[in-house]
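Examination of the molecular architecture
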Amino acid sequence: MNQITPKPGIMDIALYQGGQSHVEGVAEVIKLSSNENPFGPSPKAIEAVRDSAASLHRYPSTDHASLRNAIAEKHGLNPDRIICGVGSDEVLQFVAQAYAGPGDEVIYTEHGFSMYPIIARMAGATPVMVSERDRRVDVDNILAAVTGRTRIVFVTNPGNPTSTMVSDAELVRLAQGLPNDCLMVLDGAYAEFVDGFDGGAWLVDKFSNVIMTRTFSKVYGLGGMRVGWGYAAKVIIDVLNRVRQPFNLSLTALAAAEAAVGDEEYLRFCQSENARLRIWLSEEMAKVGVASDASCTNFVLARFADRNEAEACDDFLKTQGLIVRRVAGYNLPNALRITVGDENACHRVVAAITAFKGGAA
């Protein structure tokens, strides 16, 4: 008897593991495992969500014009070259669905976002991992891995979970080195945490095969709303819109995101607090022998002597009600990714790690 079987590659997908939220036996915890904004969303976004409740019987906009115009005005972009998705993840999925398939290859880097190989396999393509150098994207390694079958190259910038960045010069070199039929996707989920950085929009304008994606889940504090966007040449956006469901974003999500874009004062507050506390957290951890690269994000990648020490520290942090993220699945077994929380959370992390390193654990 014939059996119902999924397409080739589907069963090779490892399920995505989100950041832990609970610790058994610990009543009150501080979640620092998912890089969420500890200050929450803009008050204006919250107000917009409340106001939207009266219109929940209406279908949302199918073209997202109001949100696209707001994004375009803020960033100086052409709204016709913007697409919105259910988080930037959905925009990445659109790209793979539209431009890769069986027989094609999708390149991602050693410590890159774990959704990349999942998205590639969803499209029936073959994911190809290339190594990084000292937790940084290595352009030479990417270019060496490109073949005639390569259709997409995913680059997270700034990196997750590394927190490091690829320089403008290296991005240009990568874009110039890729064949014209290969798309370069710049995943800029953490772009807002880098002062003066536009996420690579300038590169999109320079190269017709470059796509930039952004999200409202991080600095804007709208992870629960799931809103992201992409910016590319008009011809690419036209293609992506053909695989996008017309009502992919809810009326409430659209209202929240548009209000968040308009609250510049709150955005600056979140950015400045993150920058201040991020530096303090890194410096204090370094004093007790826990190294980290200079972070360009809202988290710190804390490095330990080996996997055993990293996991032991994680276990101790949990007893203190602190949930961080193990990143062995990102080929970083000796590290823990720690979201930069508010002042209280950062002080608690430092006190706990200091106690652990001092043998109090």
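Attention in this report is confined to the structure presented alongside it.

The rules we used
Residues numbered from 1 in each chain as written. Predicted model: local features only at pLDDT ≥ 70, side-chain atom pairs only at ≥ 80, totals over all residues. Heavy atoms only, no water. Helix = DSSP H or I, 4+ residues; strand = E, 2+ residues; numbered from the N terminus. Buried < 20%, exposed > 50% of the residue type's maximum accessible area, 1.4 Å probe, protein only. Salt bridge = Lys/Arg side-chain N within 4 Å of Asp/Glu carboxyl O. Pairing = 2+ DSSP bridges.

1. Concerning the environment of Gln176
- Considering the arrangement of structural elements, one finds Gln176 in helix α6 (residues 168–177).
- Gln176 sits in the exposed class, given a relative accessible area of 55%.
- Residues Gln176 and Arg278 lie 102 residues apart in sequence; the distance between their C-alpha atoms is 34 Å.

2. Remarks on the pattern of salt bridges
- One pass over the structure, following the stated rule, counts 23 salt bridges.
- With its nearest N and O atoms 2.9 Å apart, the salt bridge here joins Arg276 to Glu273. Of the two residues, Arg276 and Glu273 are both situated in helix α10 (residues 264–287); the distance of 3 residues between them amounts to about one turn of the helix.
- Accessibility expressed as a relative area gives 38% for Arg276, which makes it partly exposed.

3. Details of the pairing of strand β8 (residues 228–231)
- Side chains Gly228 and Gly230 of β8 all project onto a buried face; the interleaved residues Trp229 and Tyr231 project onto the opposite face, where all are buried too.
- Here strand β2 (residues 82–85) runs beside β8; their pairing, made up of 4 bridges, is antiparallel. Along β8, the bridge assignment pairs Cys84 with Trp229.
- Of the pairings in the sheet, the one linking strand β7 (residues 210–215) to β8 comprises 4 bridges and is antiparallel in character. Within the sheet, the bridge partner assigned to Arg214 lies in β8 and is Trp229.

By themselves, these are just geometric observations and shouldn't be taken as functional.
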